[in-house]
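# Secondary and tertiary structure notes
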Amino acid sequence: MPEVDLGLFAAYGALGLVVGFVAGLLGVGGGLIIVPVLILLLQAQGLAPGIEPQVALATSLATILFTSLSSVRAHHRRGAVDWPLMRRITPGILAGTLAGALLAAQVSAFLLKLFFVAFLFYAAFQMWLDFKPAPHRALPGRGGMALAGGVIGAVSSWVGIGGGTLSVPFMLWHNLALHRAIATSAAIGFPIALAGTAGYVLGGLGVAGRPPASVGFVYLPALAGIVLGSVLTAPLGACTAHRMPVRALKRVFALLLFTLALRMVWTFQG
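Residues numbered from 1 in each chain as written. Predicted model: local features only at pLDDT ≥ 70, side-chain atom pairs only at ≥ 80, totals over all residues. Heavy atoms only, no water.

## Some thoughts on the overall build of the protein chain
The helix and strand inventory of the protein chain stands at ten helices and two strands. Secondary structure elements in the protein chain, listed N-terminal to C-terminal, are α-α-α-α-α-α-α-α-β-β-α-α. For the protein chain, the C-alpha radius of gyration of 18 Å lies close to 18 Å, the compact-globule estimate for 270 residues. With the C-alpha coordinates aligned to their principal axes, the bounding extent of the protein chain is approximately 55 × 40 × 35 Å. Considering the protein chain as a whole, with its 270 residues, one finds that 51% of them fall into the buried category. In the structure as shown, the protein chain presents an accessible area of about 12,100 Å², 71% of it carried by carbon and sulfur atoms. Within the protein chain, the 5 negative side-chain charges are centred at a point lying 16 Å from the centre of the 16 positive side-chain charges. (Helix = DSSP H or I, 4+ residues; strand = E, 2+ residues; numbered from the N terminus. Rg over C-alpha atoms; globule rule 2.2 N^0.38 Å. Buried < 20%, exposed > 50% of the residue type's maximum accessible area, 1.4 Å probe, protein only. Areas by Shrake-Rupley, 256 points an atom, 1.4 Å probe, with all protein chains shown as cover. Lys, Arg positive; Asp, Glu negative; His and termini not counted. Charge placed at Lys NZ, Arg CZ, Asp CG, Glu CD.)

The following block contains the structure:
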């Protein structure tokens, strides 16, 4: 493997170390960090010109295929996952995520960046305020759950996340207990990752300018480095979470999201 590839792999591994630690520390997915940093890395290396957002989003969703499994297994052992809810929301999740990923493959890089930056600001405010909506009503019926799943999946495919930023507030608002909402959201991340990755693989086939060693829009060296790094540090983040004030940590993470959003605004290119 050429030396430059080893250097890039080390950068992706370092990104994975940060993502794993933050995910273990705060219980959030790493997509909100992976996507903007990977866009900047791709731009710095002159890779995927004009399609950096699609490559970053696809690769971020592909990492969730691997990282969500251990989280779901841990929550399932504690009996915290609401599997009946999962069965009702998954068809909408799959349809919305796949459609969103296929659409994202066709739109401009500028539009995807603009959407992602807007979502970064939303997530940062949500994290800073430690927003937990008051419960108001029971979960909707099959049609309502399919619609909710479709929206969560479509948005997740455009921001490269497992959906927790949207699905946890949705479930809390519908009277699901916090620990069950978090556990079920972790389970929802897998079908989002599966459908999103499939959509970006199909949508990216034959597209010019993709980096070497890509499958569709999924960039395999970045995927491998991020997954390996995150596996190493996620347990450390989880241990640290029990020793530090969570609210203060969330505000630090919110400031990081604000910074990444502003950095992306600064580097906007049409």
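## Considering the pattern of salt bridges
Counted by the stated rule, this structure contains one salt bridge. Across the pair Arg180 and Asp82 runs a salt bridge, and its minimum N-O distance is 4.0 Å. Of this pair, Arg180 sits in helix H8 (residues 178-204) while Asp82 sits in the loop between helix H3 (52-77) and helix H4 (83-104), and the two are 98 residues apart along the sequence. By relative accessible area, Asp82 is classed as buried at 13%. (Salt bridge = Lys/Arg side-chain N within 4 Å of Asp/Glu carboxyl O.)

## Concerning unusual backbone geometry
Unusually for a residue other than glycine, Ala48 sits at a positive phi of about 50°. Take Ala48: it is sitting in the loop between helix H2 (31-45) and H3.

## Considering the packing of helix H5 (residues 109-129) against helix H6 (residues 142-159)
Axis separation between H5 and H6 bottoms out at 9 Å; the angle between their running directions is 110°. On the basis of their axis angle, the class for H5 and H6 is roughly perpendicular. Pair H5 / H6 crosses with left-handed handedness. Note on element contacts: H6 touches H5 through Val155, Trp158 and Val159, opposite Leu111, Leu112, Phe115, Phe116 and Phe119. The residue makeup of the contact of H5 with H6, split by class, is eight nonpolar, no polar and no charged. (Axes fitted to C-alpha atoms, helices over the stretch in contact; angles between N-to-C directions. Parallel < 35°, antiparallel > 145°, perpendicular 65-115°, else oblique. Left-handed = near helix turned anticlockwise from the far one by under 90°. Contact = heavy atoms within 4.5 Å. Nonpolar A, V, L, I, M, F, W, Y, C, P; charged D, E, K, R; others polar.)

## A few points about a nonpolar patch on the surface
On the surface, Leu98, Leu102, Leu202 and Leu205 cluster together into a nonpolar patch covering about 350 Å² of accessible area. Note on placement: Leu205 falls in the loop between H8 and strand E1 (214-215). With a relative accessible area of 53%, Leu205 lands in the exposed category. (Patch = residues over 30% accessible without salt bridge, like charges linked within 9 Å, V, L, I, M, F, W, Y side chains within 5 Å.)

## What to know about H5
Its 21 residues place the ends of H5 30 Å apart at the C-alpha level, agreeing with the 30 Å of an ideal helix rising 1.5 Å per residue. Turning to H5, its buried residues are Ala109, Leu112, Lys113, Phe116, Val117, Phe119, Leu120, Ala123, Ala124, Gln126 and Met127. Positive phi appears at Asp130, one or two residues downstream of H5, with a value of about 50°. (Expected span 1.5 Å × (residues − 1).)

## Quick notes on the environment of Ala80
Looking at the element boundaries, Ala80 is found in the loop between H3 and H4. Relative accessible area serves as the criterion here: at 8%, Ala80 is assigned to the buried category. Residues Ala80 and Leu178 lie 98 residues apart in sequence; the distance between their C-alpha atoms is 10.0 Å.

## Here's the deal with the nonpolar core
Tyr12, Leu32, Ile89, Phe119, Leu120, Tyr200 and Tyr219 are the most contacted members of the largest nonpolar core, which totals 77 residues. Tallying contributions element by element places H3 first for this core, with nine residues. Setting aside anything within four residues of it in sequence, one finds Phe119 in contact with Leu32, Val155, Val159, Ile161, Thr165 and Leu166. (Core = buried A, V, L, I, M, F, W, Y, C linked by side-chain atoms within 4.5 Å.)

## Structural notes on helix H7 (residues 164-173)
Buried residues dominate H7, accounting for eight of its ten residues. Taken together, the buried positions of H7 are occupied by Thr165, Leu166, Ser167, Val168, Pro169, Phe170, Met171 and Leu172. Packing partners of the buried residues in H7 comprise H2, H4, H5, H6 and H8. Just beyond H7, the residue with positive phi is Asn175, at close to 70°.

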